[in-house]
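Report on the structure
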Amino acid sequence: MTIQWTKGLNTNIRSIDLQHQELVSLINQLETLHLAGRNTQALDEVLPQLHTYVLFHFREEEDLMVMLVGNEELDQLHLAQHREFIDHMHTLQQRRNPHNEADTAQALVHYLKNWLLEHIATTDRDLGQKLLAQHTAFAAR
Ligand SMILES: [Fe+2]
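For the structure given in this document, a descriptive report is provided here.

About the criteria used
- Residues numbered from 1 in each chain as written.
- Predicted model: local features only at pLDDT ≥ 70, side-chain atom pairs only at ≥ 80, totals over all residues.
- Heavy atoms only, no water.
- Donors = N, O, S within 2.8 Å, 3.2 Å for Na, K, Ca; no water.
- Helix = DSSP H or I, 4+ residues; strand = E, 2+ residues; numbered from the N terminus.
- Buried < 20%, exposed > 50% of the residue type's maximum accessible area, 1.4 Å probe, protein only.
- Phe/Tyr/Trp six-rings, centres within 6.5 Å; stacked < 30°, edge-to-face > 60°.

Attention now moves to the coordination of the iron ion. Listed as protein donors to the iron ion are Glu61 (OE), His78 (NE2), His82 (NE2), His119 (NE2) and Asp124 (OD); their distances from the metal cover 2.0 to 2.3 Å. Sequence spacing among the residues donating to the iron ion works out to E-x16-H-x3-H-x36-H-x4-D. You can see His78 and its partner His82 sitting in helix H3 (residues 72–94), four residues apart, about one turn around the helix. Like His82, His78 is buried.

Okay, here's the thing in structure tokens:
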């Protein structure tokens, strides 16, 4: 089942929430193609878009982290989660071959959905709360 955006996923940092919605939309496109049996299209067309967008999005979040004071430990954890995600995406893509397109797409969709929802609901929401607490300018956006 594709992801439905709910308020529980909001970090209340506008730019981040819009980027997360874009990521959800790309993951939903991947899943829709996979479920329709169009795995090669999912992996050749949507996955590279997702990959590029994720790199941009992580950089945006990491630039915001720099604005926080006294959050070094959680920032390190956050950076480690981003790195683990990129590594896992590479591993899945390396395992891809013409005989396992459906398995690769399924594993990818499963991983992306679990990782993103868990990461947003915990680590990114925590980042949002801290940014709002330390920088009143974000509250107006
Ligand atoms: Fe994040």
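Right, picking up where we left off after that structure.
In this section: the packing of aromatic side chains. What the rule picks out here adds up to five aromatic pairs. Their ring planes at 55° and their centres at 5.4 Å tell us that Tyr53 and Phe56 sit as a pair that is tilted. Linking Tyr53 with Phe56, this pair stays in helix H2 (residues 39–65), spanning three residues, or about one helical turn. The interplanar angle of 50° and the centroid separation of 4.4 Å between the aromatic rings of Phe85 and Trp115 together place this pair among those described as tilted. One end of the pair, Phe85, is in helix H3; the other, Trp115, is in helix H4 (residues 101–134), and 30 residues separate them in sequence. In terms of burial, Phe85 and Trp115 fall into one category: buried.

On their own, these measurements won't tell you what the molecule is for.
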